[in-house]
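So the chains spell out like this:
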Amino acid sequence: MAVVEPSSAMLAETVRVSVKKASAVPMLLLTGVVLYLIYAWNAFDITALLERAQLSKGALLVSDSIAYKTHVTKSFRGNELEVAIEGERTATYKQLPDWVEGTVDSFSVDLGEGYFVRVEGQGLEFEVPGYGTIRSKLVDKKIVTELPEGAVPTWLNARDVKLDARPTFSRRVQFTRAKIEIHKFDYGWENFWFPFNSVLHGKSFGELAGIAASSDRIEADTPNWLFILKSFWGNPDWQHGIVAVALFETILMAVLGTVTAAACALPLAFVAASNFNRNGAIRFVVRRIFDFVRGIDMLIWSLIFIRAFGLGPLTGSLAIAFTDTGSLGKLFSEALENIDRKQVEGVESTGANRWQRYRFGVIPQILPVFTSQFLYYVESNTRSATVIGALGAGGIGLVLVETMRTSRDWENTFYIIGLIIVMVFLMDGASSWLRRKLIAGGETR
Amino acid sequence: MVDVMRNQLGALESRRRLYTGLSLALLLAVVVSGYHEASQLNSGGFLQGLLKFFDYPAQIVSQAWDDGWEFWALFPRFLPALIETLNIAAVATIIGALFATILSLASSRNLEVPPVIIPAVRRVMDIMRAFPELIIALFLIFVLGASPVPAAIAVAFHTSGALGKLFSEVNENIDVKPLEGLKATGSNWLQRVRFGVIPQVLPNYSSYFLLRFEINVRASAILGFVGAGGIGTELSRAIGWGAGAETAALFLMLFLSIVAIDQLSSYLRRHFVGAENFK
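Residues numbered from 1 in each chain as written. Chains lettered and ligands numbered in written order. Predicted model: local features only at pLDDT ≥ 70, side-chain atom pairs only at ≥ 80, totals over all residues. Heavy atoms only, no water.

A.B. asks: Please set out the nonpolar core residue by residue, giving values where relevant.
C.D. replies: Judged by nonpolar contacts, the single largest core of 104 residues is most densely connected at L299(A) and L223(B). Residue contributions to this core peak at 11 residues, all from helix α7 (residues 280-309) of chain A. Among residues more than four places away in sequence, those in contact with L223(B) are E133(B), L134(B), A137(B), A151(B), A154(B), V155(B) and A228(B). (Core = buried A, V, L, I, M, F, W, Y, C linked by side-chain atoms within 4.5 Å. Buried < 20%, exposed > 50% of the residue type's maximum accessible area, 1.4 Å probe, protein only. Helix = DSSP H or I, 4+ residues; strand = E, 2+ residues; numbered from the N terminus. Contact = heavy atoms within 4.5 Å.)

Quick look at the structure:
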């Protein structure tokens, strides 16, 4: 017993030392990472950013994407009263809806739940439950506002030039020297199927089917089903036709670019592989070409191609093709260098010529790598094509950025984002399904 | 008998060739019609574009040449922008790798995690991987304002999913004997991961980390173009103003840094996983 005691203590000591040693490297790494993140926190000025961040903007964006607003506008210059969805001329009510009553000189707007606006000449009264009545008038080109007693709530902003009151998300009243504008928000995507002023607007699916089947034509020279499709396709607010073409362009960019890259990379990979090309100088040159086109990066390639080829899918395809000739060429040449010589020798022993050796000895060995990398790149390039589209190459990326920039209707942005995600998921699913199908016994994941 | 077999084999062989030939022809038709279609949809045509291809590079190079020695003064001026892009990529890769480690530990079959959460975590990683960075970046730029943070978050989100999948593959290929040994000493799950898993996976993790860093530098540069800061934003400004020399300098800086990172990461990865395992 007396002999065992010290040795087990020594053993424990040895273990402790080696654990300490083993811990040293990860601890050092961890400290470095933490220090770097502290530096980055300062470099990105996150403290200031958090102060500036407008989280309400994000909430507004999300709620605005699932709601639409109807504008009730009275302009003083022409003395006109107009009720229009999103304030657009193409979506103006021909007859006032039942929640707006009266004429341009004196009318009332019922915003529901006790919120009520009365407009008389160049003045208004806004009844807000739980607060009181706000009275505003345009006197000598100034907006004079009478507020109920007490502190001014945060949703209210009354100045000489503008009155802006938004007691709830779905109700807003604005009064400027030029006009009175009342916004009423409702949930849903208005005019999604058909334009507001179309005869088809607001019809149910059953009614539409009836119209499509009937021989009583809405437009004399087109059958009804075609008219329905055309109205949907050409919907000016949602631009289904343009969006669909843009999605097609993006997928076209990804597929064409990757196919071209693979087709260029395969022959070049043979030249760059040491077991197929004995000439070191040429090998070196081809490898540097791979590094060069890859290093230039898709960003720079697409900027150059936009200048030369203008906007469109051709530009994106070529940018992808150039970059990925480098990436795929490198991968393929590495795969070629790792092939099994025996299979080639076996084919050679049957008296096969050079071409036959490649065809039956080499290609079957690299085909799984080739196929799986190709499919992986098609999928990942769908995402890249969306991004370089946003730089100006066209396709759905550009449509997204344009809609966001105008930020007129967030529901449109939301719709396009949804479509992009669906597109990417479908490409992802298709690519992994094909990978499983084509490479038997390969990836099971 | 042999003749019959040979005939059958011959028939099979020719049918197979027919299929291969047909599918190649189909692929060719798709490519040709695709390029035709793309050329139609494009605002500029293919041939006239080909002629103009070198115009723009030539124009910016000549403008850079006209600047003479002043051209080289542009490099220190744009260095902060380049560092910002590298910072976006580095922060995104680090945070992404941290999340990826957690996700991968929760989705490896050999680490005694409850089996119900494995497929769930895998689906989450699939979604994170497929979600386009551009959308997250644009949304966050709208909420947080133009700054590098939206880009870093967007890239980190994608990185978590992409690295998580690769890390979980690494986890599933480890030797479980050290884990059993640790279990015998009565260690808990965290200790087993710390002393049994991490030492085994660290070289491969580092290799994938470096590979991802390189990809993320490219991604951050592109996101800068839509307002996330860094070299992309400078590039977008220079191109918008038609400043050829500045554009040339930025192109060159981006190119050189990507090549340098590419070479450095290859070297380090070879060092981490050993030349024989290097892929």
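A.B. asks: Lay out the domain arrangement of chain A in plain terms, naming residues and giving numbers.
C.D. replies: Splitting chain A by domain gives domain 1 (71-187) and domain 2 (240-438). Measuring from the centre of the C-alpha atoms in domain 1 of chain A to the corresponding centre in domain 2 of chain A gives 56 Å. (Domains from an automatic or database assignment.)

A.B. asks: Pulling in residues and values, what's your account of the packing of α7(A) against helix α9 (residues 189-228) of chain B?
C.D. replies: Between α7(A) and α9(B), the least distance of the axes is 10 Å, while the angle of their chain directions is 20°. Judged by the inter-axis angle, α7(A) sits roughly parallel to α9(B). Seen from above, α7(A) lies across α9(B) with right-handed handedness. Along its contact with α7(A), which presents R294(A), G295(A), D297(A), L299(A) and L303(A), the element α9(B) presents E214(B), R218(B), A221(B), I222(B) and F225(B). In terms of residue class, the contact of α7(A) with α9(B) is made up of five nonpolar, one polar and four charged. (Axes fitted to C-alpha atoms, helices over the stretch in contact; angles between N-to-C directions. Parallel < 35°, antiparallel > 145°, perpendicular 65-115°, else oblique. Left-handed = near helix turned anticlockwise from the far one by under 90°. Nonpolar A, V, L, I, M, F, W, Y, C, P; charged D, E, K, R; others polar.)

A.B. asks: Explain the interface of chain B and chain A residue by residue, including any values.
C.D. replies: Each partner contributes residues to the interface: chain B has 67 residues there, and chain A has 73 residues. When the two sides are added together, the surface that chain B and chain A hide from each other amounts to roughly 6200 Å², 73% of it contributed by carbon and sulfur. One can count three salt bridges joining chain B with chain A. Between D262(B) and R294(A) there is a salt bridge; the shortest N-O distance is 2.5 Å. (Buried area = accessible area lost by both parts, 1.4 Å probe. Salt bridge = Lys/Arg side-chain N within 4 Å of Asp/Glu carboxyl O.)

A.B. asks: A description of the confidence of the model for chain B should follow, citing residues and the corresponding values.
C.D. replies: Confidence in the prediction for chain B averages 86 pLDDT; 97% of positions are at 70 or higher. Per-residue pLDDT, averaged within each element of chain B, yields its smallest value for helix α2 (residues 46-52) of chain B (75) and its largest for helix α7 (residues 148-172) of chain B (93). (pLDDT = per-residue confidence, 0-100.)

A.B. asks: Residues and numbers for the pattern of salt bridges, please.
C.D. replies: Once their charged atoms are close, side chains differing in charge can pair, the charge on each being opposite to the other. Applying the stated rule across the entire model yields 27 salt bridges over all chains. Note that E112(B) is salt-bridged to R192(B), the shortest N-O span being 3.5 Å. With a gap of 80 residues between them, E112(B) in the loop between α4 (70-105) and α5 (117-130) and R192(B) in helix α9 connect regions that are remote in the sequence. You can call R192(B) buried: its relative accessible area is 10%. In this structure, the salt-bridge partner of E169(B) is K165(B), at a minimum N-O distance of 3.9 Å. Residue E169(B) and its partner K165(B) are located together in helix α7, separated by four residues, close to a single helical turn. Taking the relative accessible area as the measure of exposure, K165(B) reaches 25% and is therefore partly exposed. What you see here is one network of salt bridges that share partners, running through R288(A), D291(A), R294(A), D297(A), E214(B), R218(B) and D262(B).

A.B. asks: Could you give me a rundown of the packing of helix α8 (residues 313-337) of chain A against helix α1 (residues 2-41) of chain B, with the residues and numbers involved?
C.D. replies: Remark: α8(A) packs on α1(B), axes separated minimally by 7 Å, with the N-to-C direction vectors making an angle of 125°. By the angle between their directions, the pair α8(A) and α1(B) is classed as oblique. Residues P313(A), L314(A), S317(A) and L318(A) of α8(A) lie in contact with α1(B), whose contacting residues are Y35(B), A38(B), S39(B) and L41(B). For the contact of α8(A) with α1(B), the per-class residue count stands at six nonpolar, two polar and no charged.

A.B. asks: Report on unusual backbone geometry, specifying residues and quantitative values.
C.D. replies: Residues other than glycine seldom take positive phi values, yet E113(A) does so here, at roughly 55°. Relative to the assigned elements, E113(A) resides in the loop between β4 (106-112) and β5 (115-120).

A.B. asks: Go over the packing of aromatic side chains with me, naming the residues and quoting the values.
C.D. replies: As enumerated under the stated definition, the model contains 18 aromatic pairs over all chains in all. Look at F71(B) and F75(B): their rings are 5.6 Å apart centre to centre, the planes differ by 85°, and that puts the pair in the edge-to-face class. Separated by four residues within a single helix, F71(B) and F75(B) lie in helix α4, roughly one turn from each other. Relative accessible area serves as the criterion here: at 8%, F71(B) is assigned to the buried category. Grouped by ring-pair contacts, the aromatic residues W301(A), F305(A), F309(A) and F322(A) constitute a single cluster. One Lys or Arg, K184(A), reaches over the ring of W99(A) and ends 4.6 Å from the middle of that ring. Cation over ring: R237(B) sits above W241(B), and NZ or CZ is 5.0 Å from the ring centre. (Phe/Tyr/Trp six-rings, centres within 6.5 Å; stacked < 30°, edge-to-face > 60°. Lys NZ or Arg CZ within 6 Å of the ring centre and 35° of its normal.)

A.B. asks: Quick one: what's the story with the domain arrangement of chain B, residue by residue and with numbers?
C.D. replies: Once the domains are mapped, chain B shows domain 1 (2-53) and domain 2 (58-277). One C-alpha centre belongs to domain 1 of chain B, the other to domain 2 of chain B; they are set 37 Å apart.

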